[in-house]
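Residue strings, one per chain:
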Amino acid sequence: MAEVRYLLFESASGYALVERKGSEEIGVQSEEAQRTLTDFGRFSQICSIKAFLPFTSAENALANINDISEGLMTDELREFLESNLGKALKGGKEKVKFALGVADSKIGGTVQESTGIPCVCNDLVQELLRGVRAHFAKLVKGLRDGDAEKAQLGLGHAYSRSKVKFDVNRTDKHII
Amino acid sequence: MKGGKKVIIEPHRFAGIFIARGNDAALITKNMVPGEAVYGEKRITVEENEVKVEYRVWNPFRSKLAAAVLGGVDNIWIKPGAKVLYLGAASGTSVSHVADIVGDEGTVYAVEFSHRPGRDLINMAKKRTNVIPIIEDARHPLKYRMLIGMVDVIFADVAQPDQARIVGLNAHLFLKNEGHCVISIKANCIDSTAAPEAVFAKEVKKLKDEHFKPLEQITLEPYERDHAVVIAQYRAAKKAK
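Rules used throughout
- Residues numbered from 1 in each chain as written.
- Chains lettered and ligands numbered in written order.
- Predicted model: local features only at pLDDT ≥ 70, side-chain atom pairs only at ≥ 80, totals over all residues.
- Heavy atoms only, no water.
- Helix = DSSP H or I, 4+ residues; strand = E, 2+ residues; numbered from the N terminus.
- Buried < 20%, exposed > 50% of the residue type's maximum accessible area, 1.4 Å probe, protein only.
- Contact = heavy atoms within 4.5 Å.
- Areas by Shrake-Rupley, 256 points an atom, 1.4 Å probe, with all protein chains shown as cover.
- Rg over C-alpha atoms; globule rule 2.2 N^0.38 Å.
- Lys, Arg positive; Asp, Glu negative; His and termini not counted.
- Charge placed at Lys NZ, Arg CZ, Asp CG, Glu CD.
- pLDDT = per-residue confidence, 0-100.
- Patch = residues over 30% accessible without salt bridge, like charges linked within 9 Å, V, L, I, M, F, W, Y side chains within 5 Å.
- Salt bridge = Lys/Arg side-chain N within 4 Å of Asp/Glu carboxyl O.
- Pairing = 2+ DSSP bridges.
- Axes fitted to C-alpha atoms, helices over the stretch in contact; angles between N-to-C directions.
- Buried area = accessible area lost by both parts, 1.4 Å probe.
- Polar contact = N/O pair within 3.5 Å; in protein donor to acceptor, adjacent residues only side chain to side chain.

1. Describing the overall build of chain A
Point 1. Of the regular secondary structure elements, chain A holds seven helices and five strands.
Point 2. Along chain A, helices (α) and strands (β) appear in the sequence β-β-α-α-β-α-α-β-α-β-α-α when read from the amino end.
Point 3. Counting only residues that meet the buried cut, chain A has 47% of its 176 residues in that class.
Point 4. Counted over contacts in chain A with a minimum sequence separation of 6, partners at least 24 positions apart contribute 70%.
Point 5. A total accessible area of about 9,200 Å² is found for chain A, and carbon and sulfur atoms account for 50% of it.

Below you can see the structure in the form of structure tokens.
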């Protein structure tokens, strides 16, 4: 099976493509591996950001989360993956030596089908993504402290408002 | 509470929580949005160093977390600056107190699936900017993975038969190593035919299977019947040999 060389991390700020530098299969539950994943200094030596695509607007972010949560691929994501991993794909299917680690097997299926990039979703990928989630603000250059939370707050409200069927401007009176 | 000058505010042993002592004692949190109640709860204003500070009364009959605090748990792990994933946020009444506790430096990710209480949750979160409302099913944490960072504590009050599994799914994605979970278990919601104690023991066993190490367990008498709160640590470090 192809080796997981890249990881896709979806955040409220945008999409990140993470490159794995080390290639050895780490035993994910071992204490040593966990220490590497939790310590930023050591984690940044095995994983780094290859590319980051920030969402252009609140509407853009909302459109993306709506599709991602259903396991669908947006045009932004397709372009992002093809422009960054496209070269490696040119050699034809047999020559693809890497796999893209994704959080959700559903989105993995969609990506693989429409771009030909082989996707993997297993325990190793989940552990690596935990590391990316923990160190995200430090991994992405140009993202200041609190920026990630601000993006989450804005997108959380937008996503939740779009889900609620009731008029959000009305509130129920609490009976005490 | 009237006669504000007679009320004395004391810090509780948990940071971010206070006790008001007047004619009777009440658990309170510092109101992040002075001048407004969230659900009609009482407010207390006192002058501290000539600055007016407002507190909100936290009712243990309405909040299982408040009941656990009054029940005397060792640690709730929810403290100023903490990041909390709150599963089963309902209309956000308890969430608002958790938001008061974690303060501006902390964040509460509040997940609720039902739309009607969700609407009230969103409105509460408009005023408290450290609350991120998420209207989604806690059974499918992947759906809201874009909205959440790593958290220190998961609080769960989802009252579902597969509660332990739901907490596990969320912990694997979002809970830091050695982070904690605080779970409220309603025996009736899991198995109404078995004895509550047996149900609690079974749930603790399920948590162990999800890499949690149980730390403490208390029942919520006299505030709730057949309820227990279990506090456990996720992927606890093994003791050095």
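2. Here's the deal with the overall build of chain B
Point 1. When you go through chain B residue by residue, the secondary structure sums to six helices and 12 strands.
Point 2. Computed over its C-alpha atoms, the radius of gyration of chain B comes to 18 Å, within 12% of the 18 Å expected for a compact globule of 241 residues.
Point 3. The buried share of chain B, taken over its 241 residues, is 57%.
Point 4. Considering only contacts within chain B whose residues lie at least 6 apart along the sequence, 59% involve residues at least 24 apart.
Point 5. Carbon and sulfur atoms make up 49% of the accessible area of chain B, which totals about 10,500 Å².
Point 6. A gap of 2 Å separates the mean positions of the 35 positive and 29 negative side-chain charges of chain B.

3. Quick look at the confidence of the model for chain B
Point 1. Summarising the model, chain B shows a mean pLDDT of 94, and 97% of its residues fall at 70 or more.
Point 2. Two summary scores accompany this predicted model of the complex, namely pTM at 0.93 and ipTM at 0.91.

4. A closer look at a negative patch on the surface
Point 1. On the surface, A:Asp75, A:Glu76, A:Glu79 and A:Glu82 cluster together to form a negatively charged patch.
Point 2. When you line up the elements, A:Glu79 lands in helix α4 (residues 75-89).

5. Examining the sheet that holds strand β4 (residues 43-48) of chain B
Residues and elements named next belong to chain B.
Point 1. Read from one edge to the other, the open sheet built from five strands follows the order β1-β2-β3-β5-β4, with strand pairing classed as antiparallel. The sheet is open, and its two borders are formed by β1 (8-11) and β4, each paired with just one other strand. Across the sheet, the axes of successive neighbouring strands diverge by a mean angle of 40 degrees, strand direction being ignored.
Point 2. Of the strand pairs in this sheet, β1 and strand β2 (residues 17-21) are connected by four bridges, and their pairing is antiparallel. By the bridge assignment for β2, Glu10 is matched with Ile19.

6. Regarding the interface of chain B and chain A
Point 1. Tallying the contact residues gives 42 residues for chain B and 41 residues for chain A.
Point 2. Summing the contributions of chain B and of chain A, the shared interface buries around 3,700 Å²; its carbon and sulfur component is 54%.
Point 3. Three residues, B:Arg119, B:Arg145 and B:Met146, lead the burial of chain B against chain A; their summed loss comes to 23% of the area buried on that side.
Point 4. Counting across the chain B and chain A interface gives six salt bridges.
Point 5. In this structure, the salt-bridge partner of B:Glu136 is A:Lys163, at a minimum N-O distance of 3.7 Å.
Point 6. Where chain B packs against chain A, one counts 16 residue pairs in polar contact (both at pLDDT 80 or more).
Point 7. It is helix α3 (residues 115-127) of chain B that contributes the most residues to the side of chain B that touches chain A, eight residues altogether.

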